[in-house]
Structures are given as C-alpha cells and as structure tokens.
Amino acid sequence: LVAACSTETDSPPPSSGTAATTTITHAFGATDVGSTDRVAVLDGDRTLEAVVALGIDPVAAVVPPLTGDHAPVVREELDAEPADIGTSDGGINLEALAAAEPDLIVMQSEGAEELYEQVSQIAPTVAVEYTPSSWKDTLTQIGGFLGREDAAADLVTAYDERAAEAAATAPQDAGTLSIVRVRTDGVRYMTQEGSFPWSVALDLGRQAPAVQDLGEDGTQAVDVSLERLDLLVADDIVILVDDSAEAAAQQVEDLLRVMAPDATYSQIPSKDVLFGNVLTAQALLDTLTTS
C-alpha cells in the first residue's frame, strides 16, 4: 500500500533537492518514507512511548483513553506538547491530524485497516504489530520505521542488563507474586504470558501462584469474583488501582489480608504500569524490586 496518492498520471523525475525515500514494510504493506522530522502517533500508550524513547517529540498524538493524559514517563521526555488529535478509542480528528502536517504517521495495526486507509492519504503511514507483552519487539519495529535501529537496540540492551542485575541481586526465595488489577466493575489478575507488567516481572525471575492461568497474547487478564480471591493469594501482592476504584481496591486488600496475613502488599495506579514500552518497563523494574 502506498501512503500518499496523487491525481497526476505522470510525475516529473525527482530533482536533486528531493529527499530520498526508504520503502518500509509493515503490518499493512509497504510505504515509501522520506523525512521523519515530523511524526504523528495514533496510539497513546505503547507506540507513543516507543517513539518518545527513541528521541522524537511527536508533532501530534492521541491521548491515552485509560488516563486522559500522557504517561508521566512520557511527559518527562517531551520537550514540546504534541497537538491533540483525539483518543485511540474515541476517533481520530483527521482535520487536526492534517493540520499538524506530519511527514510520517505511526499507528498500531489491530482492527485499524479502515483508519489506515484514511490517514495514509494525509501522510506516509506505517503500522506496528504488537501484543502487550512484546514491547521489545514493538520498540525494534518502530526503530526500523524511524531509521533508529541502533538506538532501539541500545535501549533494549540497557534494559536487559539492568533487569539481569536486579534479578541477580534479588533474594533467591522471593516467593510467588500476584499482580491484581482492581477496576470499578471488578477484579482480575494479570497473566504471566499475556500482560505487560508480567513481561517485566518474569525478567526478574518472579512467578505467579500455580493456580493462575499463564495466559497468552490474547489473554492479558482473568476476571476473579470476590468469592475466589483465594486465586490471588501469593507471597507478594501488587494491586493496580484504576481511577475511582480506590475504595474497591482497599476492600480487596482487606479481604486478602485475612487469607494471607503474612504477604506483602502494595497499591499503585494502574495507569502507570498497565501498558507501556521501555520507559515504563524501566520504571516498573524499580517498583517491583522495592515493593
């Protein structure tokens, strides 16, 4: 698929001042990409974080729907506020996107074929494939899109070295870990193979209780009723708290303390660690080694 269209049937040969293009293969085909000076991002969590981690301030970006704002680790790296072009689940403002005049649009691929067809008329567009637990691959893909492969590899190496160091110095009998998300409408545990937080916890050598579903790419979490909170019992219990779910989270912790009085407990905002890329992964290493 070509990301830009023209009504002309014959194009003049490129002049000596025309920027060179590179053909990028991505989830929806192949796109000729020239400049990457002005990048717009249509995914407000994992994709945006990877772009920012690679040293690019997007000229436009969607707002993450879970939080209504960019993650703190992203804001720390931004030198300029990207133009607001909507939310990834509420519709992209195509007029605002066009007004930002991007050289390149980066988006995620899941269920987004129609959107791709629309935005690729505005600027060359590339789509990244990801799952919540495969953030390193996401970072590598985006590094390739932006011509920053070496920078992406360096970020992954730095993370791996830090995780290995933390795992080596952690107690050998750390015990089991439950990562629990409390929403306003229910409780669930994050799975080891399908969720972003566990992609970091596994690097630290942690394991969930044997009764918990390992999950897979399509299963990030498993719902749990209040009658089956025993499935969450572990030596360490990290509770991810959604906005407006603080009271529910405390109720869950109080009930668990009756079942597991000797466990260690910590509560953190789910918006800070539920999704992300290398910046959140680095921060989560600290959270899991100090909680």
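The model shown is predicted, which means the values in this text are computed figures rather than measured ones.

**Quick word on helix 6 (residues 149–169)**
Part 1 of the argument: With 21 residues, helix 6 should reach 30 Å at 1.5 Å per residue; the first-to-last C-alpha distance of 31 Å fits that figure.
Part 2 of the argument: Taken together, the buried positions of helix 6 are Ala152, Val156, Tyr159, Ala163 and Ala166. For helix 6, the angular spread of the buried residues around the axis is 95°, confining them to a single face. Residues of helix 6 that are exposed and point over 90 degrees away from its buried face: Asp150, Asp154, Glu161, Glu165, Ala168 and Thr169.
Part 3 of the argument: Contacts from the buried residues of helix 6 go to helix 5 (135–145), helix 7 (196–203) and helix 10 (278–290).

**Description of the environment of Glu165**
Part 1 of the argument: Mapped onto the elements, Glu165 comes out in helix 6.
Part 2 of the argument: Glu165 gets classed as exposed once you look at its relative accessible area, which sits at 55%.
Part 3 of the argument: With 39 residues separating them in the primary sequence, Glu165 and Leu204 have C-alpha atoms 8.9 Å apart.

**Overview of the pairing of strand 4 (residues 60–63)**
Part 1 of the argument: Sheet topology note: the strand 3 (residues 39–41)/strand 4 ladder contains two bridges and is parallel. By the bridge assignment for strand 4, Val41 is matched with Ala61.
Part 2 of the argument: Where the polypeptide runs from strand 3 across helix 1 (residues 46–53) and back to strand 4, its parallel neighbour, the crossover connection is right-handed.
Part 3 of the argument: Bridge count for strand 4 against strand 5 (residues 83–87) is three bridges, and the pairing is parallel.

**Brief notes about the confidence of the model for the chain**
Low pLDDT means the predicted atomic positions in that stretch should not be read closely.
Part 1 of the argument: Mean pLDDT over the chain: 89, with 91% of residues reaching 70 or higher.
Part 2 of the argument: Ignoring residues within four places in sequence, the model shows residues 1–17, a span with pLDDT below 50, making 15 contacts including any to other chains.

**Let's talk about the pattern of salt bridges**
Part 1 of the argument: Tallied over the entire structure, the rule returns 10 salt bridges.
Part 2 of the argument: The salt bridge involving Arg162 is made with Asp286; its shortest N-O contact spans 2.5 Å. On the criterion of sequence distance, the pair formed by Arg162 in helix 6 and Asp286 in helix 10 is long-range, its members being 124 residues apart.
Part 3 of the argument: Taking the relative accessible area as the measure of exposure, Arg162 reaches 31% and is therefore partly exposed.
Part 4 of the argument: A salt bridge links Asp230 to Arg228, with the shortest nitrogen-to-oxygen separation between them at 2.9 Å.
Part 5 of the argument: One network of salt bridges, in which partners are shared, links Lys136, Asp160 and Asp203.

**A short note on helix 1**
Part 1 of the argument: Most of helix 1 sits inside the fold, with eight of its eight residues counted as buried.
Part 2 of the argument: Restricting attention to buried positions, one finds in helix 1 the residues Arg46, Thr47, Leu48, Glu49, Ala50, Val51, Val52 and Ala53.
Part 3 of the argument: Positive phi appears at Gly55, one or two residues downstream of helix 1, with a value of about 90°.

**Side note on the nonpolar core**
Part 1 of the argument: Grouped together as the largest cluster of nonpolar side chains are 50 residues, with contacts concentrated most on Ile142, Leu146, Tyr159 and Leu240.
Part 2 of the argument: Element by element, the count of residues in this core is highest for helix 10, at six residues.
Part 3 of the argument: The residues touching Ile142, leaving out its near neighbours within four places in the chain, are Thr47, Ala50, Val51, Leu54 and Val128.
Part 4 of the argument: In this structure, Val224, Val241, Ala263 and Tyr265 belong to the second largest nonpolar core, which totals 18 residues.

**What to know about the sheet that holds strand 8 (residues 125–128)**
Part 1 of the argument: One open sheet accounts for six strands, arranged 6-5-4-3-7-8; its pairing is mixed. Lying at the two open borders of the sheet, with one neighbouring strand each, are strand 6 (91–92) and strand 8.
Part 2 of the argument: By the bridge criterion, two bridges tie strand 5 to strand 6 in an arrangement that is antiparallel. Note that in strand 6 the partner of Gly86 across the bridge is Ile92.
Part 3 of the argument: Packed on one face of the sheet, helix 1 meets strand 3, strand 4, strand 7 (104–108) and strand 8 and runs near 150° to strand 3.

**So, the side chain of Thr47**
Part 1 of the argument: The topology assignment puts Thr47 in helix 1.
Part 2 of the argument: One polar contact links Thr47 to Asp43, side chain to side chain, over a distance of 3.0 Å.

**Details of the packing of aromatic side chains**
Part 1 of the argument: Inspection of every chain in the model, using the stated rule, returns two aromatic pairs.
Part 2 of the argument: For the pair Trp135 and Tyr159, a centre-to-centre distance of 4.9 Å together with 90° between the ring planes defines the contact as edge-to-face. Here Trp135 is found in helix 5, whereas its partner Tyr159 is found in helix 6, with 24 residues between them in sequence.
Part 3 of the argument: The class of Trp135 is buried, set by a relative accessible area of 2%.

Thresholds, definitions, all that
Here, residues in each chain are numbered from 1, in the same order as that chain's written sequence. Only residues with pLDDT of at least 70 get local features here, since the model is predicted, and only at 80 or more are side-chain atom pairs given and counted; chain-wide, interface and lining totals rely on the full set of residues. The side-chain quantities take in all heavy atoms of the structure and omit both hydrogens and water. Helix and strand assignments come from DSSP, with helices taken as H or I runs of at least 4 residues and strands as E runs of at least 2, each series counted from the N terminus. Each residue after the first adds 1.5 Å to the expected span of a helix. Think of it in three bands: with a 1.4 Å probe and only protein chains considered, a residue is buried below 20% of the maximum accessible area for its type, exposed above 50%, and partly exposed in between. Comment: arc refers to directions from the helix axis out to C-beta atoms. When checking whether two residues touch, look at their non-hydrogen atoms; a contact exists if any pair is within 4.5 Å. Strand pairing follows a simple DSSP-based rule, namely that at least 2 bridges must link the two strands. If the strands point away from the viewer and the path from the first strand over the helix to the second runs clockwise, then the crossover is right-handed. Confidence scores labelled pLDDT are given residue by residue by the predictor and lie between 0 and 100. Salt bridge, as used here, is a side-chain nitrogen of Lys or Arg placed within 4 Å of a carboxyl oxygen of Asp or Glu. To qualify as a nonpolar core, a set must consist of buried Ala, Val, Leu, Ile, Met, Phe, Trp, Tyr and Cys residues joined through side-chain atoms within 4.5 Å. Orientation is described by axes fitted as lines to C-alpha atoms, over the contacting stretch for helices, and by angles from 0 to 180 degrees between their N-to-C directions. Nitrogen and oxygen atoms within 3.5 Å of one another constitute a polar contact, given that in protein one can donate a hydrogen and the other can accept it, and given that sequence-neighbouring residues count only through two side-chain atoms. Working definition: a ring pair exists when centres of Phe, Tyr or Trp rings (six-membered ring for Trp) sit within 6.5 Å. Plane angles under 30 degrees give stacked, over 60 give edge-to-face, the rest tilted.

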